[in-house]
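Residue-level structure breakdown
Here are the chains, one letter per residue:
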Amino acid sequence: MEARDPRFEDALLRGAAAVGIPLDESARTLLARFAVRLLEWNRRLNLTAITDPAEVAEKHLVDSLTLLRSLGGAPTLLDVGSGAGIPGAVVACVRSDLDVTCIDSVAKKVAFVKAVAAELDLPVRARALRASGRPEVDGIARAAAVVSRALADPARWVPLGAPYVAPGGILVAMLGREADDVALAEVGRAAGLRLEAVDRFVLPLSGSARAIARWRAP
């Protein structure tokens, strides 16, 4: 993929506009460079099954950027099971004020996140570890926002992720399918969290349904 691939640019701009995420020139440049590096590394390390530039723009970048609609002004973000920095590093391309930590158990994916964050000067740290549900054991500071993108279903993700949320912070699940509000509320209550919102939308080019659930810690 070229740094300014027309199909990529069109999908990124149309997709971001459709989900209400404004992108200035700096953000567009960083996102394009991120995508280029992702596909370059992917030839050697198999980071993603999605390799078409337009699909990368929509299903990795635009999908990740929808997280911004749920973050509010959170100053810190912990991305658990981040893979190749999706969504954490992608969001950092747009919000330079956001302190992001990406963790994943696969070392090659963490190596990519570290490399791309250094190259693009993103406020992102990456660590190779499997989340235990005990931040003090993992050596991870609690964050104002903690997110998982399809790491596990909510029944497993919420009790795992809740201990990493700072007091008054939010836990977020990015879901690739429709979600039941009653079940989401119940799984949150069991972990001491309150279901605050479920953001439902459709990716504009593929028509893929998405939902983002947000719980609030006391």
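Above this note sits the structure.
**With respect to helix H2 (residues 25-45)**
End to end, H2 covers 30 Å across 21 residues, agreeing with the expected 30 Å (1.5 Å per residue, within 8%). Taken as a whole, H2 has its buried residues at Ala27, Arg28, Leu30, Leu31, Ala32, Phe34, Ala35, Val36, Leu38, Leu39, Trp41 and Asn42. Two or three places before serine 26, at the opening of H2, aspartate 24 has a side-chain oxygen 3.2 Å from that residue's backbone nitrogen. Among the residues trailing H2, asparagine 46 stands out with phi positive, at a value near 55 degrees.

**Notes on the pairing of strand E1 (residues 76-80)**
Along E1, four of the five residues are buried, which leaves the element largely enclosed by surrounding structure. Note: E1 against strand E2 (residues 99-104), five bridges, orientation parallel. From the neighbouring strand, threonine 76 faces E2, where its bridge partner is aspartate 99. Of the strand pairs in this sheet, E1 and strand E4 (residues 143-149) are connected by three bridges, and their pairing is parallel. Each residue of the ladder has a partner; that of leucine 77, found in E4, is alanine 145.

**Concerning the pattern of salt bridges**
Evaluated as defined, the whole model comprises 18 salt bridges. Put simply, aspartate 10 and arginine 14 hold a salt bridge, and the shortest N to O gap is 3.1 Å. Separated by four residues within a single helix, aspartate 10 and arginine 14 lie in helix H1 (residues 6-18), roughly one turn from each other. The salt bridge partner of aspartate 181 is arginine 200, with a shortest N-O separation of 2.4 Å.

**Comments concerning the state of the cysteines**
Going through the model one piece at a time under the given rule, you end up with zero disulfides. Cysteine 102 carries a free sulfur, and the closest cysteine sulfur to it, the one in cysteine 93, is 11 Å from it. Residue class for cysteine 102 comes out buried when judged on its relative accessible area of 1%.

**Some remarks on the sheet that holds E2**
With respect to topology, seven strands assemble into an open sheet ordered E3-E2-E1-E4-E5-E7-E6, the strand pairing being mixed. The sheet terminates laterally at strand E3 (124-128) and strand E6 (194-202), the two strands that pair on one side only. In this sheet, neighbouring strand axes are inclined to one another by 20 degrees on average, regardless of whether the strands run parallel or antiparallel. Pairing of E2 with E3, which is carried by five bridges, proceeds in the parallel orientation. The residue bridging threonine 101 from the neighbouring strand is arginine 125, located in E3. Against the sheet, helix H6 (residues 107-120) engages E2 and E3, with an angle of about 160 degrees to E3.

**Thoughts on the nonpolar core**
It is characteristic of soluble globular proteins that their nonpolar side chains tend to be buried jointly. Phe34, Leu71, Phe112, Leu122 and Val124 are the most contacted members of the largest nonpolar core, which totals 57 residues. Top element by residues in this core is H2. It accounts for nine residues. Here valine 124 is in contact with Ala89, Ala92, Val100, Cys102, Val113 and Ala117, once residues within four sequence places are set aside. Listed in part, the 25 residues of the second largest apolar core include Val158, Leu171, Ala173 and Leu184.

Each value, and the rule that gives it
- Residues numbered from 1 in each chain as written.
- Predicted model: local features only at pLDDT ≥ 70, side-chain atom pairs only at ≥ 80, totals over all residues.
- Heavy atoms only, no water.
- Helix = DSSP H or I, 4+ residues; strand = E, 2+ residues; numbered from the N terminus.
- Expected span 1.5 Å × (residues − 1).
- Buried < 20%, exposed > 50% of the residue type's maximum accessible area, 1.4 Å probe, protein only.
- Polar contact = N/O pair within 3.5 Å; in protein donor to acceptor, adjacent residues only side chain to side chain.
- Pairing = 2+ DSSP bridges.
- Salt bridge = Lys/Arg side-chain N within 4 Å of Asp/Glu carboxyl O.
- Disulfide = S-S within 2.5 Å.
- Axes fitted to C-alpha atoms, helices over the stretch in contact; angles between N-to-C directions.
- Contact = heavy atoms within 4.5 Å.
- Core = buried A, V, L, I, M, F, W, Y, C linked by side-chain atoms within 4.5 Å.

So far we have only geometry, and geometry alone does not tell us how the molecule works.
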